Amino acid sequence: MVGLVLVSHSWKLAEGAAELAREMGGPEIKLETAGGLDAPDHPVGTDAVLVVGAIERAWSEDGVVVLMDLGSAVLSAEMALEMLPDDRREKVLLCEAPFIEGAVAAAVTAKLGASAEQVAAEARGGLAPKIAHLGGEQAAPAEAEGSFDAAHGRTIRLVVANPHGLHARPAARFVQVASGFEADVRVANVSAGRGPVTARSLNAVATLGVGRGDEIEVLATGPEADRALDAVRALADRGFDEEIVPEEPAAPTARPAGPAGAIAGVATSPGVALGVARRFQPAPLEAPDRASTDPAAELEALEEAIAATAEDIEAQRAAVAGRVGAYQAAIFDAHRLFLQDEMLLDPVRAAIRDGDRSAPGAWSSSIEVMASEWEALEDDYMRARAADLRSVGLQVLAHLLGVPVPGPRLEGPGILVAPDLTPADAAGLDPALALGIATAFGGPTSHAAILARSLGIPAVVGLGEPALQVTEGTALALDGDAGLLYIEPSPDVTAELEERRRTRAEADRSARAEARAPARTLDGLTVEVAANVGSPEEIPAAVDAGCDGVGLFRTEFLFMERGQMPSEDEQEAAYRRAAEALDGRPMVVRTLDVGADKPLPYLAQPPEANPFLGVRGLRLGLERADLLETQLRAIIRVAGDHPLRVMFPMVATLEELRAARAAVDAAAQGLGVPLPEGLQVGIMVEVPSAALTASALAPEADFFSVGTNDLTQYTLAADRGNERVAALSDALHPAVLRLIAATCAAAAEHGRWVGVCGELAGDQAATPVLLGLGVTELSMSAPSIPGVKRRVRAVDLGRARELAARALELPSAGAVRRSVERATD
Ligand code: PEP
Ligand code: MG
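**Notes on the overall build of the chain**
- Counting secondary structure elements, the chain contains 35 helices and 25 strands.
- For the chain, the spread of C-alpha atoms along the three principal axes comes to 90 × 70 × 65 Å.
- Burial statistics for the chain: of 825 residues in total, 51% are counted as buried.
- Considering only contacts in the chain between residues 6 or more positions apart, those separated by 24 or more positions represent 71%.

Here you go:
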């Protein structure tokens, strides 16, 4: 059997690791330690002589594998190797495996009689189960090794009842037992669809992620296959030699009692609010349960109600985009998709057509069926989407019944108390009136909760029935940090919460005051921190938040809020109002970016199978040259008097950029004016091809602004409106960062500046990485500006460059985030 040596700076650590390894590998393994220095109290350090001694004690003609912790442990082990006689040295293998996980895996493998190389290989893979479990990506979980060949062996299926499934100890027992026979044993996690893997590797078995209640399938081939399977079954019957405590039925989770006079709920949006109760108790909308008398008319009413709701949703989307940003507004894209969902609509239309149900009745039933399906899902987040579906259902039903859509309409400032809120309810709230939100039901991952956080309204949800007993006008105090609602709070509570409210407001005010100053890194680089806006009306708030300009004027909102194209004069007036409100600060006007998720209702476009890959952004502008020219003329007219920059969306090729620049020249010529001095013409980098050919584009574009929302969607093939792939859409993914790095490198060669105007710009974790890559302008929704400016002021460019260079080499967005966190600790 191969001998093992553990070398550590710490005697205690070496002994502890050895104890763990023996527990897994069994007491008979040959395992020795060399920990600390050779003195009575084992001071911390390493000593080559002690390592030689440990190797001698662990000596085996099969070889010795040495694992070390760090730094001088490695040097001492190397020195020890030098000190050994030649014939011994060649049988000693220094192994770079992780210390603890490696020791355990090595012990289990050594016990099986494996060679020194096999033991070392297994030790090196020791981190795989942890990585697989925690969702890292450096090691894939349980690579399947071929498939079960039932014709040449026998299989058994077992259900694992151990509380933590086949975690390290039972997995080690499984490996030991299954490997004790002349048989090739493989195992698969049938429940999770992982495997099969060899039963000789602890790492492979552990990465199957077998949890409590999972079914595994074990296949054995070879002369002792039957005996191996019998032994595995016996082991499983013994609970893999672990004591199995039956699972206690979960106690009903009682709402935690709050302090006297308070109801406890779930803290959902931080902050404190004091005020009177503003009750909102929507009257339920009853769908008459009658048969359809005139199916054709009912079908028409249904389509009209859906169209009217689509318009409402568009207005909600625009309002949220303007107030808190495009990212939060995307919630409403999902709502619009519900209105096109055939699984929802087909049964409704069929029931109406067959004369079985009226439109309201059929619609309500279909919504209920689908919402219950969402509610049956295991994932909390997905379950919460039932509320979104019901919100859309209610809006359509109100249109069908010809009644106003129920929603909170606050007559004066106060704390909104309601059973629950829909995202549409939350989108319509004015923080000057809704000082706080208290709901009886709902969870912190609901979209209403997300919107409350974005709007900065303190909120507590899940307060239960007692919240519904609160009557209109009752004095309340809401603690959004602790998740408490005080009814008729005592003077002490009021004073304490009022003090906290005042302090927080003061801190916000000072952050905003500081935000007016330029953002300079520690080494003096000034970074332009700009605002993303959708209309001139949003600019005063952006200036108030400290914006240095507008880095993205999404002009499509001007086009969407109306029934026809805005004229050149109307557009000029809007751009001029925006520029004047900016008072000399620069403004990047992006030309019309419609198509795909932003259709223009009055612009007929043939349906496209993949609209995100279709005629959107500049592609539409070049196809409809008349629209682009009108817009460019309006921009040029304002650019004569104000520092405007023009930017084209969705540029994929050099030819498109050239055509767009030619359109700018043609528009100026058409107006009979020279191009305004200093008018910069740039492009968005949001298609990977643009980033990858940035060196060809840079000579002809005055600047690049990276649209990380689309760039991430196209790079990771993850639809930005599809919540089910939302986890893939993290713009800090190294693949996206590499494209930004390529853009910055090409821009630098040609003296161009690079900005970022996607959501990543407002993400403080990204600030040092982006600056380290060479970005000098960040444009975001106004509320993010003060925080990002503060973050920029803490950046040391040298360290940021190192951080960015490291990020490019990491395997995942999660790893980049962790690396930034560590660097900023
Ligand atoms: C982007 O894609 O990152 C971007 C800013 O453009 P939009 O979100 O408007 O598509
Ligand atoms: Mg975009």
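**Here's the deal with the confidence of the model for the chain**
- Mean pLDDT over the chain stands at 88; residues scoring 70 or higher make up 93%.
- A low-confidence stretch, residues 137-142 (pLDDT under 50), is modelled with 15 contacts involving residues beyond four sequence positions or located in other chains.
- Throughout residues 246-254 the model reports pLDDT below 50, and contacts reaching past four residues in sequence, or to other chains, amount to two contacts.

**Considerations on a nonpolar patch on the surface**
- A cluster of nonpolar side chains, namely L13, L20 and I100, defines an oily patch on the protein surface of about 200 Å² accessible area.
- Looking at the element boundaries, L20 is found in helix α1 (residues 11-25).
- On the basis of relative accessibility, which here comes to 36%, the residue L20 falls in the partly exposed class.

**Re the sheet that holds strand β6 (residues 184-189)**
- Pairing is antiparallel in the open sheet, where four strands are placed in the order β5-β8-β6-β7. Both edges of this open sheet fall to β5 (154-159) and β7 (194-198), since each of them pairs with a single strand only. Neighbouring strand axes in the sheet, compared pairwise and without regard to direction, differ in orientation by 20° on average.

**Some thoughts on the pairing of strand β24 (residues 753-756)**
- Alternating residues of β24 divide into W753 and G755 and V754 and V756, and every residue in both groups is buried.
- Of the pairings in the sheet, the one linking strand β23 (residues 703-706) to β24 comprises four bridges and is parallel in character. Looking at β24, one finds that V706 is bridged to V756.
- Direction of pairing for β24 relative to strand β25 (residues 777-780): parallel, over a ladder of two bridges. Residue V756 lies in a different strand from β25, and its bridge partner there is L778.

**Section: the pattern of salt bridges**
- Going through the model one piece at a time under the given rule, you end up with 47 salt bridges.
- Among the ionic pairs, K111 bridges to E28, the shortest N-O distance being 3.3 Å. Placement of the pair is K111 in helix α5 (residues 99-111) and E28 in the loop between α1 and β2 (31-35), with a sequence separation of 83 residues.
- We note a salt bridge from R157 to E215, for which the minimum N-O separation is 3.6 Å. Taken as a pair, R157 in strand β5 and E215 in strand β8 (residues 215-221) lie far apart in primary sequence, 58 residues in all.
- Here E215 falls in the partly exposed class, since its relative accessible area comes to 27%.
- One salt-bridge network, in which partners are shared between bridges, spans E568, D569, E572, R576, E629, R633, R637 and D641.

**Here we look at the coordination of the magnesium ion (ligand 2)**
- All of the protein donors around the magnesium ion (ligand 2) are E686 (OE) and D710 (OD); their distances to the metal are 2.0 to 2.2 Å. In this pair, E686 is assigned in the loop between β22 (680-685) and α28 (688-692) and D710 in helix α30 (residues 708-716), connecting sequence segments 24 residues apart.
- Of the residues examined, E686 reaches a relative accessible area of 2% and is grouped as buried.
- Taking the relative accessible area as the measure of exposure, D710 reaches 2% and is therefore buried.

**So, the environment of R89**
- Following the sequence through the fold, R89 ends up in helix α4 (residues 86-89).
- Those residues in contact with R89 that lie beyond four places of it in its chain are L81, E82 and L84.

**Focus on the side chain of Q316**
- Within the secondary structure layout, Q316 lies in helix α11 (residues 295-323).
- Look at Q316 and you get buried, because its relative accessible area is 14%.
- Ignoring sequence-local partners within four residues, the contact set of Q316 consists of F332, Q395 and A424.

**Looking at the side chain of N709**
- Considering the arrangement of structural elements, one finds N709 in helix α30.
- In terms of polar contacts, N709 uses its side chain to reach the backbone amide nitrogen of E759, at 2.8 Å.
- The residues touching N709, leaving out its near neighbours within four places in the chain, are R554, R720, G758 and E759.

**Some remarks on the environment of G193**
- Mapped onto the secondary structure, G193 falls in the loop between β6 and β7.
- For G193 and L208, which are 15 residues apart along the polypeptide, the C-alpha to C-alpha distance reads 8.9 Å.

Thresholds, definitions, all that
- Residues numbered from 1 in each chain as written.
- Chains lettered and ligands numbered in written order.
- Predicted model: local features only at pLDDT ≥ 70, side-chain atom pairs only at ≥ 80, totals over all residues.
- Heavy atoms only, no water.
- Helix = DSSP H or I, 4+ residues; strand = E, 2+ residues; numbered from the N terminus.
- Buried < 20%, exposed > 50% of the residue type's maximum accessible area, 1.4 Å probe, protein only.
- Contact = heavy atoms within 4.5 Å.
- pLDDT = per-residue confidence, 0-100.
- Patch = residues over 30% accessible without salt bridge, like charges linked within 9 Å, V, L, I, M, F, W, Y side chains within 5 Å.
- Areas by Shrake-Rupley, 256 points an atom, 1.4 Å probe, with all protein chains shown as cover.
- Salt bridge = Lys/Arg side-chain N within 4 Å of Asp/Glu carboxyl O.
- Pairing = 2+ DSSP bridges.
- Axes fitted to C-alpha atoms, helices over the stretch in contact; angles between N-to-C directions.
- Donors = N, O, S within 2.8 Å, 3.2 Å for Na, K, Ca; no water.
- Polar contact = N/O pair within 3.5 Å; in protein donor to acceptor, adjacent residues only side chain to side chain.

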